[in-house]
Amino acid sequence: MMDQYKGKSDGVEMGLLFGGIALVLVAYFLPAVTFSGQRGAAVYGLSIFSKLPLMTALAFVGMAAAVATRLVASLEKYAEHAAVFAILLVLAPALIGFMMALDPWTGLRQTMLKMANARTVKVDPSFAYIPLFAGATMMAFSLRRRMRRIAGSAAAA
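Now for a quick tour of the structure. Because the structure is predicted, anything quoted here is derived from the model rather than measured.

Observations regarding a nonpolar patch on the surface
Residues Phe18, Leu71, Val72, Leu75 and Tyr78 make up a contiguous nonpolar surface patch of roughly 440 Å² in combined accessible area. Classification of phenylalanine 18 as partly exposed rests on a relative accessible area of 41%.

Examining the environment of alanine 32
Inspection of the secondary structure assignment puts alanine 32 in strand 1 (residues 31–36). Overall, the relative accessible area of 0% leaves alanine 32 in the buried class. Distance from alanine 32 to glycine 97, taken between C-alpha atoms, is 8.8 Å for residues 65 residues apart in sequence. Dropping the residues within four chain positions of it, alanine 32 is found in contact with Leu46, Ser47, Ile48, Lys51, Asp124, Pro125, Ser126, Ala128 and Tyr129.

Examining the sheet that holds strand 3 (residues 122–125)
Across the sheet, which stays open at both edges, the 3 strands sit in the order 2-1-3 with antiparallel pairing between neighbours. Edge positions in the open sheet fall to strand 2 (43–47) and strand 3, since each of these has one partner strand only. Adjacent strand axes in the sheet meet at a mean angle of 25° when their direction is disregarded. Relative to strand 3, strand 1 runs antiparallel, the two sharing 4 bridges. The residue bridging threonine 34 from the neighbouring strand is aspartate 124, located in strand 3.

A word on the nonpolar core
Formed by 32 residues in total, the largest nonpolar core has its most connected members in Met112, Val123, Leu132 and Met139. Considering each element in turn, this core owes the most residues, 7 residues, to helix 4 (residues 79–102).

What to know about the environment of leucine 58
As for its position among the elements, leucine 58 is in helix 3 (residues 53–71). When the C-alpha positions of leucine 58 and glycine 107 are compared, they lie 21 Å apart, and in sequence the two are 49 residues distant.

Considerations on the packing of helix 4 against helix 6 (residues 129–156)
At a minimum axis separation of 10 Å, helix 4 and helix 6 run at an interaxial angle of 165°. Compared by their axis directions, helix 4 and helix 6 come out roughly antiparallel. Crossing of helix 4 against helix 6: the hand is left-handed. Facing helix 4, whose interface residues are Ala79, Glu80, Ala83, Val84, Ala86, Ile87, Val90, Leu91, Ala94, Leu95 and Phe98, helix 6 presents Tyr129, Leu132, Phe133, Ala136, Met139, Ala140, Leu143, Arg146, Met147 and Ile150. Broken down by class, the residue content of the contact of helix 4 with helix 6 amounts to 19 nonpolar, no polar and 2 charged.

Some points on the pattern of salt bridges
Side-chain pairs of opposite charge can arise whenever the charged atoms involved come near each other. Taken as a whole, this structure holds 7 salt bridges when the rule is applied. Note that arginine 146 is salt-bridged to glutamate 76, the shortest N-O span being 3.3 Å. With arginine 146 in helix 6 and glutamate 76 in the loop between helix 3 and helix 4, this pair connects stretches of sequence that are 70 residues apart. Accessibility assignment for this pair places arginine 146 and glutamate 76 in one class, buried.

Definitions and cut-offs
Residues numbered from 1 in each chain as written. Predicted model: local features only at pLDDT ≥ 70, side-chain atom pairs only at ≥ 80, totals over all residues. Heavy atoms only, no water. Patch = residues over 30% accessible without salt bridge, like charges linked within 9 Å, V, L, I, M, F, W, Y side chains within 5 Å. Areas by Shrake-Rupley, 256 points an atom, 1.4 Å probe, with all protein chains shown as cover. Salt bridge = Lys/Arg side-chain N within 4 Å of Asp/Glu carboxyl O. Buried < 20%, exposed > 50% of the residue type's maximum accessible area, 1.4 Å probe, protein only. Helix = DSSP H or I, 4+ residues; strand = E, 2+ residues; numbered from the N terminus. Contact = heavy atoms within 4.5 Å. Pairing = 2+ DSSP bridges. Axes fitted to C-alpha atoms, helices over the stretch in contact; angles between N-to-C directions. Core = buried A, V, L, I, M, F, W, Y, C linked by side-chain atoms within 4.5 Å. Parallel < 35°, antiparallel > 145°, perpendicular 65-115°, else oblique. Left-handed = near helix turned anticlockwise from the far one by under 90°. Nonpolar A, V, L, I, M, F, W, Y, C, P; charged D, E, K, R; others polar.

Dropping the structure here:
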C-alpha cells in the first residue's frame, strides 16, 4: 500500500497544512514564557525561537519536509511520516522550553534571573501556546484527511 500512487493532495488538506504551519510560525516568535521579578513591576518574555534556536530550526526543517512531501511527487510516499515527525518536532521545543524555564538548575533559568535582576522569578506560560497547539492540531487534521482519502481510494480499488 505504501508503494501505490496516492494522488495529489486536495485543497482542504493543503489549506489545513499551510494554516497550521502559519499558526506555528506565529507562535514560535511570540513570547512563550513570561516572567517577572519579586516585585512584579516589569514583565519579560522569551519566545520559543530565542529559548531553543536549534530545536526550532529542526522544527522548521520538519515543517518544510511535510510541505515538500505533499508537493513533490517522488517524495509523496513519505508524506505521512513527514507529517507525524513535523507535528512532534513542532511541539517538542515548546514543551521542553517551558520545562527548562521552570527548572532552577538550567542555564535558561539563570538567564531569566539576570534579565529580571532578582533572586527569584515568577514564570507563567504565555498565550503563544494557543496558536501553537491550534497549528499542530490543524496539521494533524491535514494528516487525518489524507489518511481517510487514501483509505477511501484503496477501498474503491
